[in-house]
Amino acid sequence: MSDSLTGSALPSGAATITWDDTLDDIFAGDLVSALAYTTPAGGVVMTPVCPLGLRDRTHGRIGFTTALGNGRKLDRMTADPRVALAFHTREHGRSSRPGFVLVQGTARIGQMTPEVYSAMEDRLGIVRGWLWDRIMHSYYHERVVVWLDVKRITVGEPGSPIVAGESSRVIGASLAMPPGPHRPPGAGSAPRLDAVQAARRVTAQQHVLLGYRGSDGHPEVVQASIASGDRAGITLTTERPLPPGGRRACLLGHSFNARGIGISVDQHTGWLEVGEEARYAPHTVQRFAVPKSKFISNLGSGLVTVFRRRARLRNTA
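In short, a report on the structure.

Quick notes on the rules
Residues numbered from 1 in each chain as written. Predicted model: local features only at pLDDT ≥ 70, side-chain atom pairs only at ≥ 80, totals over all residues. Heavy atoms only, no water. Helix = DSSP H or I, 4+ residues; strand = E, 2+ residues; numbered from the N terminus. Buried < 20%, exposed > 50% of the residue type's maximum accessible area, 1.4 Å probe, protein only. Contact = heavy atoms within 4.5 Å. Areas by Shrake-Rupley, 256 points an atom, 1.4 Å probe, with all protein chains shown as cover. Salt bridge = Lys/Arg side-chain N within 4 Å of Asp/Glu carboxyl O. Phe/Tyr/Trp six-rings, centres within 6.5 Å; stacked < 30°, edge-to-face > 60°. Pairing = 2+ DSSP bridges. Axes fitted to C-alpha atoms, helices over the stretch in contact; angles between N-to-C directions. Polar contact = N/O pair within 3.5 Å; in protein donor to acceptor, adjacent residues only side chain to side chain. Core = buried A, V, L, I, M, F, W, Y, C linked by side-chain atoms within 4.5 Å. Arc of directions from axis to C-beta.

Helix and strand content of the protein: seven helices and 14 strands. In the protein, which comprises 317 residues, the proportion classed as buried is 51%. Nonlocal contacts in the protein, meaning residues at least 24 apart in sequence, comprise 71% of its contacts between residues at least 6 apart. Approximately 14,300 Å² of the protein is accessible, and the part contributed by carbon and sulfur atoms is 52%.

A separate point is the pattern of salt bridges. Two side chains that carry opposite charge are able to pair once their charged atoms sit near each other. On inspection of all chains with the given rule, the structure shows 17 salt bridges. Between Asp30 and Arg90 there is a salt bridge whose closest N-O contact spans 2.7 Å. With a gap of 60 residues between them, Asp30 in the loop between helix H1 (21–29) and strand E1 (33–38) and Arg90 in the loop between strand E5 (82–87) and strand E6 (100–110) connect regions that are remote in the sequence. Assigned by exposure class, Asp30 and Arg90 land together as buried. Asp266 is the partner of Arg287 in a salt bridge, and the nearest nitrogen-oxygen pair spans 2.4 Å. Residue Arg287 is found in strand E14 (residues 278–289), and its partner Asp266 is found in strand E13 (residues 264–274); the two are separated by 21 residues along the sequence. In this structure Asp266 comes out as buried when scored by relative accessible area, which is 3%. In the salt-bridge network here, residues are joined through shared partners; they are Asp21, Asp24, Arg55 and Arg57.

What follows deals with the packing of aromatic side chains. On inspection of all chains with the given rule, the structure shows two aromatic pairs. On the numbers, 5.4 Å between centres and 85° between planes, the contact of Trp19 with Phe27 is edge-to-face. In this structure, Trp19 and Phe27 share a single accessibility class: buried. Considering the side-chain rings of Phe27 and Phe87, the 4.8 Å spacing of their centres and the 55° angle between planes classify their relative orientation as tilted. You can see Phe27 sitting in helix H1 and its partner Phe87 sitting in strand E5, a full 60 residues away along the chain. With respect to class, Phe27 is no different from Phe87; both count as buried. Taken together, Trp19, Phe27 and Phe87 form an aromatic cluster joined through their ring pairs.

So, on to the sheet that holds E14. A barrel is described by the order of its strands in space; here six strands give the closed sequence E9-E10-E11-E14-E13-E12, paired in antiparallel fashion. Between one strand axis and the next, the sheet turns through 45° on average, direction left out of account. For strand E10 (residues 219–230) and strand E11 (residues 233–238), the ladder comprises six bridges, and the chain directions are antiparallel. From the neighbouring strand, Ala224 faces E11, where its bridge partner is Thr238. Contacting strand E9 (207–213), E10, E11, strand E12 (245–255), E13 and E14, helix H6 (residues 195–203) runs over the sheet at an angle of about 120° to E10.

Let us now look at the side chain of Thr66. Assignment of secondary structure puts Thr66 in strand E4 (residues 61–67). Polar contacts involving the side chain of Thr66 include one to the side chain of Lys73, which spans 3.1 Å. If we ignore the near neighbours within four places in the chain, the residues touching Thr66 are Lys73, Leu74, Arg143, Val144 and Val146.

Here we come to the nonpolar core. Soluble globular proteins: nonpolar side chains tend toward being buried together. Judged by nonpolar contacts, the single largest core of 28 residues is most densely connected at Met46, Leu52, Leu54, Leu209 and Val221. Among the elements of the structure, E1, strand E2 (44–49), E5, E6, helix H3 (114–124), strand E7 (143–156) and E12 are those that each provide at least two residues to this core. The element best represented in this core is H3, accounting for four residues. Ignoring any residue separated from it by four or fewer positions in sequence, one finds Val221 in contact with Ala36, Met46, Ala86, Phe100, Leu102, Leu209, Leu210, Gly211 and Arg240.

The next subject is H6. Three- or four-residue spacings in an α-helix give side chains the same orientation, since the helix completes a turn every 3.6 residues. Looking only at H6, the buried set comprises Ala195, Ala198, Ala199 and Val202. Along the axis of H6, the buried residues cluster in a sector spanning 100°; they form a single face. Contacts from the buried residues of H6 go to E9, E10, E11, E12, E13 and E14. Structurally, the start of H6 carries an N-cap: the backbone nitrogen of Val196 is 3.0 Å from a side-chain oxygen of Asp194.

Attention now goes to the pairing of E10. Note: E9 against E10, five bridges, orientation antiparallel. Residue Arg213 lies in a different strand from E10, and its bridge partner there is Pro219. Counted along the chain from E10 to the antiparallel partner E11, the turn is two residues long.

So, on to the environment of Arg259. Residue position: Arg259 is located in the loop between E12 and E13. The class of Arg259 is partly exposed, set by a relative accessible area of 39%. Measuring from C-alpha to C-alpha, the distance between Arg259 and Cys50 comes to 9.4 Å, with 209 residues separating the pair along the chain.

Listed below in structure tokens is the structure:
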């Protein structure tokens, strides 16, 4: 599909960040990326999204679509539009190029267009019929596009850390300085969940990412793996160095199949402490899994979106 989709351009005078054909192949081809946005407490939340190949090199932006039923995510991005998309896997996508690409920018919420609906049908498949049109109405039609006006693209070579001047390439704004440590939460920084169980569940996922807030306010995202877990927390290894000290952070484990079917997510928020090793204390968890059935996946997506939409309307009434 075209790499120029309908939507408003950057404000007059704003710098436009563009990219080469190699990166465009990744942005066009990845089925799933990880969205990271900030929280009022200075932490980060990450969740998988389907970017659908939405990008516009002319205006320097990359997008994805989300249902209005996922209102909390939209509220957070409206309150602080500094977000990031991590293109971390080519699995079930259309690009075979290796590498980890982190896109940081400013989020703008826009309207759906025929091109975006066409991309949804092409990448995810749309089931039609009298019953499905009713069940999936909120999921398919009560949606928005979120565009990232790109500020920085950081490209890490496969298996190498993303460090300025080493095995990385930065397009746009220079890498921010490492962030300073956070003040520990008032309720303490120790695990509030079973860290052994959390480590076991995240390890079972195909992809593991760690996210935290950078010194310029944009989320930072790194690929991670679980080294061990005990009652005191989870020991992590990461693909690039982490800033020393303690801070709020998100640990995301997720898996998916072709067309996004059978998605499984373990999303933790908690406390990261980096000294001689990186230790993570999980505080909260959002967990869900959908069976590897297109019928059940579509049914679940439709019903969950309806329930979330109704809950959001009740809360704002």
